[in-house]
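Here's the letter readout for the chains.
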Amino acid sequence: MKDPSLRRSLALFRAFMREQTDPAAAYALLARDAADQVERYMKLDGRIVADVGGGSGWFTAEFARRGARSFLFEPDPAELAEKPVEGTVVADGYLLPLADGSADICFSSNVLEHVADPWTFLSELVRVTRPGGLIYVSYTNWLSPWGGHEWAPWHYLGAERARARYERRTGRPAKHRLGENLFAIGVGPALRHVRGRDDVDVVSARSRYWPVLPELVPRVPGLREFATWNLLLILRRCS
């Protein structure tokens, strides 16, 4: 699918809405799309890819299908597939069992909003990436319509109220709790952080799913916190 395009955005949105009923189709499409985005900057064939926090391994498997030596690092065994993908390692993203500069590409999709110290986490991704390599990081920012995850968009009225509403409506506990496994990370702080680092260059900062001019929205203070939806950062490790 052409990126950006309305067709692509609609396809990803429809897949997202079917995530609970057909997760295989939803995540397979998202993995193909993410791999296409990576390959705009570096071909995957023959590369070493570290997929950090990749859960069931959809991204890891897609990278391998395209010729990469891909490895999944996931801290929670409960998030792994029943039969984990080849190259799976149970490991904390803060302390990856990798030598400095050992990966050509370090990939992290929708993880940053789930860690208490996102900048330390990001530093670890940078550490294991070789000079000239790429770091792909995307996350759902708190003030986006999906910032509250399963209890969105009611998080605009307060996290505790939104979580309680979800549990009353569904009759089951919410997976996420603000301050424990979900954190209110914004767009502006992340942009200021990566632009202030001296070990990476910002190749692209864009809305991951926006159908037109995806790099424009994150440039507008205030608006970007609501309209970005999901911030994608493509960083290159400095020599």
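As a reminder, the structure under discussion sits directly above these lines.
What comes next concerns the included structure. This one's a predicted model, so the numbers in the text were calculated from it and none came from an experiment.

The full count for this structure, using the stated rule, is nine aromatic pairs. Aromatic rings pair up to connect Phe 59, Phe 63, Phe 107 and Tyr 136 into one cluster.

For the rest of this paragraph, the subject is the sheet that holds strand 7 (residues 230–237). Pairing is mixed in the open sheet, where seven strands are placed in the order 3-2-1-4-5-7-6. Each end of this open sheet is capped by a strand with a single partner; those strands are strand 3 (88–90) and strand 6 (200–207). Looking at each pair of strands side by side, their axes are set apart by 15° on average, direction ignored. As paired elements, strand 6 and strand 7 share seven bridges and run antiparallel to each other. Note that in strand 7 the partner of Ala 205 across the bridge is Leu 233. Most of the contacts of helix 3 (residues 58–65) go to strand 2 (residues 69–74), to which it runs at about 170°, and overall it touches strand 1 (48–52), strand 2 and strand 4 (103–109). The sheet contacts of helix 4 (residues 118–127) involve strand 1, strand 4, strand 5 (129–140), strand 6 and strand 7, and relative to strand 5 the element is tilted by about 145°.

Any two side chains of opposite charge can pair, given that their charged atoms come close. Overall, the coordinates contain 16 salt bridges when judged by the stated rule. Between Asp 3 and Arg 40 there is a salt bridge whose closest N-O contact spans 3.5 Å. Taken together, the residues Asp 3 in the segment before helix 1 (6–17) and Arg 40 in the loop between helix 2 (23–39) and strand 1 connect sequence positions 37 residues apart. Take Asp 3: its relative accessible area is 16%, and that puts it in the buried class. Note on Arg 40: relative accessible area 46%, which makes it partly exposed. Where Glu 62 meets Arg 66, a salt bridge forms, and the shortest distance between an N and an O atom there is 2.8 Å. There is no split in this pair, since Glu 62 and Arg 66 are both buried.

Rules and cut-offs
Residues numbered from 1 in each chain as written. Predicted model: local features only at pLDDT ≥ 70, side-chain atom pairs only at ≥ 80, totals over all residues. Heavy atoms only, no water. Phe/Tyr/Trp six-rings, centres within 6.5 Å; stacked < 30°, edge-to-face > 60°. Pairing = 2+ DSSP bridges. Helix = DSSP H or I, 4+ residues; strand = E, 2+ residues; numbered from the N terminus. Axes fitted to C-alpha atoms, helices over the stretch in contact; angles between N-to-C directions. Contact = heavy atoms within 4.5 Å. Salt bridge = Lys/Arg side-chain N within 4 Å of Asp/Glu carboxyl O. Buried < 20%, exposed > 50% of the residue type's maximum accessible area, 1.4 Å probe, protein only.

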